[in-house]
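Residue-level structural notes
Here are the chains, one letter per residue:
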Amino acid sequence: MTTSEDELPIPLARMGGGLAGWSAGPLPSLYESKRDPYRVYLTSLDSPESRRTMRSCLDWIARICAMDETATGMAQPWWRLRYEDTVRIRTYLREKTDEHGVLAYSPASVNKHLVALRQVLRTCWRLGLMSAEDYQRAADLASVESTRLPTGRHIPDRTLAAALTACAADSSAAGRRDAALLAVLYTTGARRAEIAGLALGDYDPAERSLKVRGKRNKERLVYVMPQAAALLDTWISVRGRAPGALFPPINKGGRVSRRITDGRAYLAHPTGQAIAGIVAKRLGQAGAPIHTPHDFRRTFIGELLDAGVDLATAQQLAGHSSPSTTARYDRRPERQRRDAVDRLRLPGH
């Protein structure tokens, strides 16, 4: 199904066939299907989560360029994009609205799409499909500037307690696993992809530490409090010492998922989405408001700063590249501003 130009926002409708005809013309002599820039770029990414995210961004940009909602980024002539084209793509993403007139993409989402676009153009240049000058001009796009509060909500103590009670009421292996998983989320602030990537060998029970691999494959050590370590040790006694994921998927029959690599069996790793599903399930069973894994992260950082932990230490534990990112999670300035307003009185009341 092809979207008509009348249905497109103005930045695309006035292109005069520029991007609509981007697939026309001969292929470069250096192009081969195995050297498709979309495929090569996605393959270069280290984590499955990053590949999924960037694939989604490039597929959507391809739909914009082709004006076809069924298009994907595979086998598309990314090397034909020029500065005037990429500017229109940026404008489309920045100004696109939904049926209620609300912007469809947050500034962060627009910038993520622009990163994907710049990187696939860079890949075209590296593959010899695009000149350095054309690449540099087409990729010279300003990011969308904005200031946003951290996403997510604080998780009250009673909410976590109710979820852990729901896990304790489940005598299956999944109950033990999920109690340990929630405790690790709460006491480490690790991202859901980091939790999904944990292996049994990453846990040092003597130090109560976990070796986490974060964004850009950076490793850091995080620590669990004694109560969380007890839940984790209980789960490991059920899980066994088989190599592989610390929190593997468990099927309806109560058996953990395994995979074979080089003739050896390993416990399979869950996806980040599966971690979110476990959180939603246990909170739902507890009758508590639904929270995301990121809410655990937000709560962890906020609790550290409330307890007087210095910003540099909180930054290291959270795996942030900049202390300014960690500072955005500090709840104390908000409390001070609220207390300041509470000193005022409404006349007549």
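First things first, this report covers the structure right here in the doc. Given the structure is predicted, the values throughout are model-derived calculations rather than measurements.

Quick look at the overall build of the chain
Secondary structure summary: the chain contains 15 helices and 5 strands in total. Each principal axis of the C-alpha atoms in the chain carries an extent, and together these give about 80 × 65 × 40 Å. Put simply, the chain has 349 residues, and 41% of those count as buried. Here the contacts in the chain between residues at least 6 apart in sequence split such that 63% fall between residues at least 24 apart. Accessible surface, the chain: about 18,900 Å² in total, of which carbon and sulfur atoms supply 52%. In the chain, 52 side chains carry a positive charge and 37 a negative one; their mean positions are 4 Å apart.

Regarding the sheet that holds strand E3 (residues 219–223)
An order of E1-E2-E3 is seen for the 3 strands of this open sheet, with the pairing classed as antiparallel. Edge positions in the sheet fall to strand E1 (203–204) and E3, since each has one partner strand and no second. Here 5 bridges tie strand E2 (residues 209–213) to E3, and the two strands are oriented antiparallel to one another. Counterpart to Arg213 in the pairing with E3 is Glu219.

Regarding the pairing of strand E5 (residues 264–267)
Regular strands place side chains that alternate from one sheet face to the opposite one. As judged from the 4 bridges shared by strand E4 (residues 258–261) and E5, these two strands associate in the antiparallel manner. The partner of Thr261 across the bridge, within E5, is Arg264. Linkage of E4 to E5, two consecutive antiparallel strands, is achieved through a turn of 2 residues, within which Asp262 is found at a positive phi near 55 degrees.

Overview of the packing of helix H8 (residues 173–188) against helix H10 (residues 226–239)
Running from N to C, H8 and H10 cross one another at 145 degrees; their axes reach a closest spacing of 8 Å. Seen from above, H8 lies across H10 with left-handed handedness. Seen from H8, the contacting residues are Ala173, Arg176, Arg177, Ala179, Ala180, Ala183, Val184 and Thr187; seen from H10, they are Ala228, Leu231, Leu232, Thr234, Trp235 and Val238. Its residues assigned to classes, the contact of H8 with H10 shows 10 nonpolar, 2 polar and 2 charged.

Structural notes on the pattern of salt bridges
Taken as a whole, this structure holds 18 salt bridges when the rule is applied. Between Arg82 and Asp134 there is a salt bridge, with the nearest N and O atoms lying 3.3 Å from each other. Note that Arg82 is positioned in the loop between helix H3 (48–66) and helix H4 (83–95) and Asp134 in helix H6 (residues 132–138), a separation of 52 residues in sequence. In this structure Arg82 comes out as partly exposed when scored by relative accessible area, which is 29%. Linking Arg282 and Asp178 is a salt bridge whose minimum nitrogen-to-oxygen distance equals 2.7 Å. Of this pair, Arg282 sits in helix H11 (residues 272–285) while Asp178 is found in helix H8, placing the two residues 104 residues apart along the sequence. As far as the burial class goes, Arg282 and Asp178 line up, both buried. Put simply, Asp170, Arg177, Asp178 and Arg282 are held in one network by salt bridges that share partners.

A word on the packing of aromatic side chains
Scanning the model with the defined rule gives 2 aromatic pairs in all. Aromatic side chains Trp125 and Tyr135 sit 5.7 Å apart centroid to centroid with 10 degrees between the ring planes, which places their arrangement in the stacked category. Pair noted here: Trp125 is in helix H5 (residues 107–126) and Tyr135 is in helix H6, with a separation of 10 residues, a long-range link. Here Tyr135 falls in the buried class, since its relative accessible area comes to 11%. Consider the rings of Tyr186 and Phe296, whose centres lie 6.5 Å apart with planes at 90 degrees: the pair is edge-to-face. One end of the pair, Tyr186, is in helix H8; the other, Phe296, is in helix H12 (residues 293–306), and 110 residues separate them in sequence. Here Tyr186 matches Phe296 in class, with each residue buried.

Focus: the nonpolar core
Counting residues in each nonpolar core, the largest one holds 38 residues, and the members touching the most others are Ile195, Leu210, Leu232, Trp235, Leu246, Phe247 and Phe296. Broken down by secondary-structure element, the contributors of at least two residues to this core are helix H7 (157–168), H8, helix H9 (192–196), E2, H10 and H11. Ranked by residues supplied to this core, first place goes to H8 with 10 residues. In this structure Leu246 touches Leu198, Ala199, Leu200, Leu210, Leu232, Trp235, Ile236 and Arg239, once residues within four positions along its chain are discounted.

Details of a positive patch on the surface
Residues Lys112, Lys215, Arg216 and Lys218 make up a contiguous surface patch of positive charge. In this fold, Lys218 is placed in the loop between E2 and E3.

Parameters and conventions
- Residue positions are counted from 1 within each chain, in the order its sequence is given.
- Note on the predicted model: pLDDT of at least 70 is required for a residue's local features to be given, and 80 or more for side-chain atom pairs to be given and counted; whole-chain, interface and lining totals, by contrast, use all residues.
- Values shown for side chains rest on all heavy atoms present in the structure; no hydrogens or waters enter the calculation.
- Secondary structure is summarised from DSSP: a helix means a run of H or I of at least four residues, a strand means a run of E of at least two, and numbering begins at the N terminus for each.
- Relative accessibility under 20% of the residue-type maximum defines a buried residue, over 50% an exposed one, and the middle range a partly exposed one, all with a 1.4 Å probe and only protein chains included.
- Contacts: residue pairs with any heavy atoms within 4.5 Å of one another.
- Here the Shrake-Rupley method, with its probe set to 1.4 Å, supplies the accessible areas, and only the displayed protein chains count as covering residues.
- For the purpose of counting charges, residues Lys and Arg are taken to be positive, whereas Asp and Glu are taken to be negative. His and the chain ends are not included.
- For charged residues, the charge sits on one atom: NZ in Lys, CZ in Arg, CG in Asp, CD in Glu.
- At least two DSSP bridges between two strands are required for those strands to pair.
- To obtain each axis, a line is fitted to C-alpha atoms, and for helices this fit is confined to the stretch in contact; angles are then taken between N-to-C directions over 0 to 180 degrees.
- When the near helix sits turned anticlockwise from the far one by under a right angle, the crossing is termed left-handed; a clockwise turn instead gives a right-handed crossing.
- Residues are grouped as follows: Ala, Val, Leu, Ile, Met, Phe, Trp, Tyr, Cys and Pro are nonpolar; Asp, Glu, Lys and Arg are charged; all remaining types, including Gly, are polar.
- The salt bridge definition used is simple: a Lys or Arg side-chain nitrogen within 4 Å of an Asp or Glu carboxyl oxygen.
- Put simply, two rings from Phe, Tyr or Trp (the six-membered ring, in Trp's case) pair if the centres are within 6.5 Å, and we call them stacked under 30 degrees between planes, edge-to-face over 60, tilted for the rest.
- Definition used in this section: a nonpolar core is a set of buried Ala, Val, Leu, Ile, Met, Phe, Trp, Tyr and Cys residues joined via side-chain atoms within 4.5 Å.
- Patch membership needs two things, relative accessible area over 30% and no salt bridge, and members are linked within 9 Å if like-charged or within 5 Å if nonpolar (Val, Leu, Ile, Met, Phe, Trp, Tyr).

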